[in-house]
Amino acid sequence: MSKGLWVTGFSDDYADAHDRHWRDAELLFAYPAPANADHLYGLSAECGLKAVLEVEGQPVAPTYRLHVDRLWSAFETFARGRTGAAYLSMLPAGRPFQDWEVGQRYAHRKHFGPACVASHRDAARAVRAMFQSARQGGKP
């Protein structure tokens, strides 16, 4: 399985990034700093989906080098083709990150309402549970 290398020499570690972004998002959510928490929930979910792909032996090739707003549907297509409903049953229906964009890091905090942040938090939590199940060797 090939991993991308950054100029600094660090290899991609989606599992660690998923956990790190989740933990930081939860700290910011409790602080409260919902705008930054929301951003990290999206990154956590993105890295969690990529970590599940790796557990399943699927390299995170260009097809999956997407941010979560676009990766979600690519992951659903992958899961339908390889694992059936096992993983999909753990995820919320629809596209919970369709209103999330990585560029929102530049947006004013007033644009991040409680319902939006709660939806992204719930979806990131579902990805977290799915990844933990996959990592433990049991499909859901």
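From a predicted model like this one, the values you see are computed outputs, not experimental measurements.

Draft legend 1. Just helix α5 (residues 114–135), in detail. Compared with an ideal rise of 1.5 Å per residue, which puts 22 residues at 32 Å, α5 spans 31 Å between its outermost C-alpha atoms and is within 8% of the ideal. Note on α5: the residue one or two positions beyond its end, Gly-137, has a positive phi of about 90 degrees.

Draft legend 2. Structural detail: the nonpolar core. Counting residues in hydrophobic clusters, the biggest one holds 35 residues, and the most contacted among them are Leu-49, Trp-72, Phe-75, Phe-97 and Met-130. The greatest single-element share of this core, amounting to 10 residues, is contributed by helix α2 (residues 34–55). What Trp-72 contacts, discounting residues up to four positions off in sequence, is Leu-49, Leu-91, Pro-92, Gly-94, Arg-95, Pro-96, Phe-97, Ala-123 and Val-127.

Draft legend 3. Seen up close, the environment of His-120. Tracing the backbone shows His-120 in helix α5. Beyond its immediate stretch of four places on either side in the chain, His-120 contacts Asp-38, Tyr-41, Pro-96, Phe-97, Asp-99 and Trp-100. At 2.5 Å, the side chain of His-120 forms a polar contact with the side chain of Asp-38.

Draft legend 4. Broad picture of the packing of α2 against α5. Viewed as axis vectors pointing N to C, α2 and α5 meet at an angle of 25 degrees, and their least axial separation amounts to 8 Å. With respect to α5, the axis of α2 lies roughly parallel. For α2 against α5, the interelement crossing comes out left-handed. Counting all contacts with α2, which are made through Pro-34, Asp-38, Tyr-41, Ala-45, Gly-48, Leu-49, Ala-51, Val-52 and Val-55, the residues of α5 involved are Cys-116, Val-117, His-120, Arg-121, Ala-124, Val-127, Met-130, Phe-131, Ala-134 and Arg-135. In terms of residue class, the contact of α2 with α5 is made up of 14 nonpolar, 2 polar and 3 charged.

What counts and what doesn't
- Residues numbered from 1 in each chain as written.
- Predicted model: local features only at pLDDT ≥ 70, side-chain atom pairs only at ≥ 80, totals over all residues.
- Heavy atoms only, no water.
- Helix = DSSP H or I, 4+ residues; strand = E, 2+ residues; numbered from the N terminus.
- Expected span 1.5 Å × (residues − 1).
- Core = buried A, V, L, I, M, F, W, Y, C linked by side-chain atoms within 4.5 Å.
- Buried < 20%, exposed > 50% of the residue type's maximum accessible area, 1.4 Å probe, protein only.
- Contact = heavy atoms within 4.5 Å.
- Polar contact = N/O pair within 3.5 Å; in protein donor to acceptor, adjacent residues only side chain to side chain.
- Axes fitted to C-alpha atoms, helices over the stretch in contact; angles between N-to-C directions.
- Parallel < 35°, antiparallel > 145°, perpendicular 65-115°, else oblique.
- Left-handed = near helix turned anticlockwise from the far one by under 90°.
- Nonpolar A, V, L, I, M, F, W, Y, C, P; charged D, E, K, R; others polar.

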